[in-house]
Amino acid sequence: MARTTPLSDIRNIGIIAHVDAGKTTTTERILYYTGRKHTIIDIHDTKDLKTSTTTDYLEQEQKRGITIQSAAVSAFWRDKKINLIDTPGHVDFTIEVNRSLRVLDGAVVVFDGVAGVEPQSETNWRLADNYDVPRICYVNKMDRSGANFLRCVDMIKKRLGARPLPVQLPIGSEDNFKGMVDLVEMKALVWDSDDKDAQWQVLEVTADLADKLHISVPSDRQLLADVDKFRTELVDTCLEQDDEAMEAYLTHGTVPSGDTLRACLRKGTLNSAFTPVLCGSSYKNKGVQQVLDAVVDYLPAPTDVASIKTVDADGHPIGERKTSDDEPFSALAFKVINDIYGALTFIRVYSGVLTKGASVMNSTRGKREKIGRMVEMFAKEANPVEEARAGDIIALVSLADTETGDTLCDAAHEVVLERMRFPEPVISVSVKAKVKAEQEKFGSALGKMVRADPSLHLETDRETGQTILRGMGELHLEVTLDRMRTEFGVEGVMGEPQVAYRETITKKITEQYIHKKQTGGSGQFAEVWIVFEPLERSTGFQFVDETVGGSVPREFVPSVEKGLKVQKEDGVLAHYPTVDFKATLIDGSFHDVDSNAMTFEIAAKAAFREGIRKAAPILLEPVMKVETVTPGDYLGDVIGDINRRRGSVQDQLERGTNIAVVAIVPLSEMFGYIGQLRGMTSGRASYTMEFSHYEPVPRNVADEVIAEVAKAKAALTA
């Protein structure tokens, strides 16, 4: 079967933003204007669960009015195929943005015209930077009270360190938002109504445009008066990408054509020299078609971005795989979901062709997978396909062993593609089935949820036997349990949230331990000398073997490392994992008969337990970056409350008519914060938080935590 859409005509893009900037509303309009649906559903119409937007189809998404899992849809615009992923904006679901950006070629970053750059906008922008994803900006909600296009552009520059380049200017704002000036063609696009089928008029940009359109607000009139200044900036910046056009412009005064400017804008966007900025109001149906034009004109096709890197077992790049049908097949599994069709594994095909019935290799796990049903997803609808080619994003039904981040490839040409990086969970709860008889069903459902979401971790408390679920925040864990109810028909109950403390050491020490046991017959013997020393924060654990002369036989060294790795998960202060330290095996001794792998593992564990106690261990706690947006009247109360929570205020920023207080606060002090915040601000303030770093716990607080853990363990074992 021949390729139906040329690679150069495909756009794999994501829509990313802070929660409530209008991503899903924009996606609904895109699907309407591209003819993929014939009605528009708005977010506020879905709370009764009787209807849903195309991409927010989960019950939990409809109830809360937010996106929880990314959803893929595809549409055609100007004969180009757009594969689009609508991603969540809530910090607890950053994993969805992370894995989507990993496989996308470009992104539309949506900003709220009033709030501008918000915390999750920054997080998502950094993720896009990590994956070198070209992007365009869309300043949405220009019809809202307090919307300010230039302030938003300034925030993109200052808070994101980007180089924003306006390609449109808004005409009017708030209730009088009429449309925008297209700075490329120098035309005014004006809408007469907010109707979804309203057509825009194309007017000349003249000096009396503000009077003609009854624009009365001084700042809006000034923006239109400065059109020539913004046009000059656009032309000058664009021509940096085209030496010939620049020379003609400077030497002969030749004004570049619209096509020349668009070619320069595309080139500059692809190499991240600047980021085009558009504006509009998706809810009022103004500017969405222009965003689609920008996606086609400025964002990359799969052939425009760098080839995907191939890596060795340690994750170091060793080559690349070109995006072409003629290359051997390779694809990256970036998401697994549980669906009515079974487990759906979403893949991005980077090279070659995949056909139904093929046998491929999961090179990450060294296992073969048989390809059964292949489907192209349109949100929750699955449309069967017979083959997938380079650049396609599809889902495979019921793969046995493939998980998020795995590589699928041609068995004759094995490669491992660059993996994704996932954040560590910062909060944990104990979970169990609501009905004891359903414990097995609950465990199976929980396993499937964890397999689908790499930011969830599941473990069993060795002493109490409790099942511990760890995730990115309270909402994340709540939604996971709620989805188990709706997707697997099993209810669970959650214990009180627990903070994911860590332990580390502050002093370098050398520990000798001899394990000796004689019980008749062959005994047990192993001696180890290990140097324990602290490392920088977030370094993790390092093991080094510096033994010489065979004092510890080569075959037993891995057992020493294994013993340390197992034992470090059970810290000496309060049984939390020990991190950021280096263990160096410097000497030891063995017995020809009584020594084996097990004896050296036991010796290493004991050396850890005894040595770490002498290395001045301390407790570390997760510290969150918190941004509280409040009316100025309550600023003093909000800051006072943050200080009481052991917080430290870092900055105060303007957010429309409100003030955003940026602070770092220990996670343990943030439980129940929303209730108190609403109480002290009459429900007018809101906050977001994301993990920042780990730092030492003050001694008095650490003593309390250690005592509480000891008390809880004693109660459970009594």
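Below or above, wherever it landed, is the structure these notes cover. Since we're looking at a predicted model, the values are computed, not measured. (Residues numbered from 1 in each chain as written. Predicted model: local features only at pLDDT ≥ 70, side-chain atom pairs only at ≥ 80, totals over all residues. Heavy atoms only, no water.)

Section: the overall build of the protein
Then step 1. Broken down by element type, the protein carries 18 helices and 37 strands.
Then step 2. Rg of the C-alpha trace for the protein: 29 Å, near the compact-globule value of 27 Å for 718 residues, within the 12% margin.
Then step 3. In terms of overall dimensions, the protein has a C-alpha envelope of 100 × 65 × 60 Å along the principal axes.
Then step 4. In the protein, which comprises 718 residues, the proportion classed as buried is 56%.
Then step 5. Looking at the protein alone, contacts between residues at least 24 apart form 71% of all its contacts between residues at least 6 apart.
Then step 6. Just so you have it, the protein exposes about 30400 Å², and 48% of that area is on carbon and sulfur atoms.
Then step 7. For the protein, the separation between the mean place of its 86 positive charges and that of its 108 negative charges on side chains is 3 Å. (Helix = DSSP H or I, 4+ residues; strand = E, 2+ residues; numbered from the N terminus. Rg over C-alpha atoms; globule rule 2.2 N^0.38 Å. Buried < 20%, exposed > 50% of the residue type's maximum accessible area, 1.4 Å probe, protein only. Contact = heavy atoms within 4.5 Å. Areas by Shrake-Rupley, 256 points an atom, 1.4 Å probe, with all protein chains shown as cover. Lys, Arg positive; Asp, Glu negative; His and termini not counted. Charge placed at Lys NZ, Arg CZ, Asp CG, Glu CD.)

Looking at the packing of helix 12 (residues 439-452) against helix 13 (residues 474-488)
Then step 1. Running from N to C, helix 12 and helix 13 point in directions that differ by 115°, and their axes come no closer than 10 Å. Our classification of the angle between helix 12 and helix 13 gives roughly perpendicular. The chirality of how helix 12 crosses helix 13 is right-handed. Contact residues: Lys441, Phe442, Ala445, Leu446, Lys448 and Met449 in helix 12; Thr480, Leu481, Arg483, Met484, Glu487 and Phe488 in helix 13.
Then step 2. Partitioned by chemical class, the residues of the contact of helix 12 with helix 13 number 7 nonpolar, 1 polar and 4 charged. (Axes fitted to C-alpha atoms, helices over the stretch in contact; angles between N-to-C directions. Parallel < 35°, antiparallel > 145°, perpendicular 65-115°, else oblique. Left-handed = near helix turned anticlockwise from the far one by under 90°. Nonpolar A, V, L, I, M, F, W, Y, C, P; charged D, E, K, R; others polar.)

Things to note about the pattern of salt bridges
Then step 1. Applying the stated criterion across every chain, the model contains 50 salt bridges.
Then step 2. Salt-bridge contacts for Glu122 lead to Arg159; the nearest nitrogen and oxygen are separated by 2.4 Å. Residue Glu122 is found in helix 4 (residues 119-130), and its partner Arg159 is found in helix 5 (residues 149-160); the two are separated by 37 residues along the sequence.
Then step 3. On the basis of relative accessible area, Glu122 is assigned to the buried category, the value being 10%.
Then step 4. For Asp406, the salt bridge identified is with Arg365, shortest N-O distance 2.6 Å. Placement of the pair is Asp406 in the loop between strand 22 (393-397) and strand 23 (407-409) and Arg365 in the loop between strand 17 (359-362) and strand 18 (367-370), with a sequence separation of 41 residues.
Then step 5. The buried category is assigned to Asp406, whose relative accessible area is 0%.
Then step 6. The structure contains a network of salt bridges with shared partners spanning Glu122, Arg159, Lys625, Glu627 and Arg655. (Salt bridge = Lys/Arg side-chain N within 4 Å of Asp/Glu carboxyl O.)

Looking at the environment of Glu527
Then step 1. Of note, Glu527 is situated in strand 31 (residues 524-534).
Then step 2. In the structure, Glu527 is positioned 12 residues away from His515 in sequence and 6.2 Å away in space, judged by C-alpha atoms.
Then step 3. The residues contacting Glu527, other than those within four sequence positions of it, are Gln512, Tyr513, Ile514, Val552, Asp587, Gly588, Ser589 and Phe600.
Then step 4. Here the side chain of Glu527 touches Gln512 through a polar contact of 2.7 Å, side chain to side chain.
Then step 5. At 2.5 Å, the side chain of Glu527 forms a polar contact with the side chain of Ser589. (Polar contact = N/O pair within 3.5 Å; in protein donor to acceptor, adjacent residues only side chain to side chain.)

Quick word on helix 13
Then step 1. Compared with the 21 Å implied by 1.5 Å per residue over 15 residues, the 21 Å span of helix 13 between its first and last C-alpha is a close match.
Then step 2. Here helix 13 has its buried residues at Leu475, His476, Leu477, Val479, Thr480, Leu481, Asp482, Arg483, Met484 and Phe488.
Then step 3. The positive-phi residue at the C-terminal boundary of helix 13 is Gly489, with phi of around 65°. (Expected span 1.5 Å × (residues − 1).)

Regarding the sheet that holds strand 9 (residues 187-191)
Then step 1. An order of 7-8-9-10 is seen for the 4 strands of this open sheet, with the pairing classed as antiparallel. Edge positions in the sheet fall to strand 7 (168-171) and strand 10 (200-204), since each has one partner strand and no second. The sheet shows a mean angle of 25° between the axes of neighbouring strands, direction not considered.
Then step 2. Relative to strand 9, strand 8 (residues 179-182) runs antiparallel, the two sharing 4 bridges. Each residue of the ladder has a partner; that of Val181, found in strand 9, is Ala188. (Pairing = 2+ DSSP bridges.)

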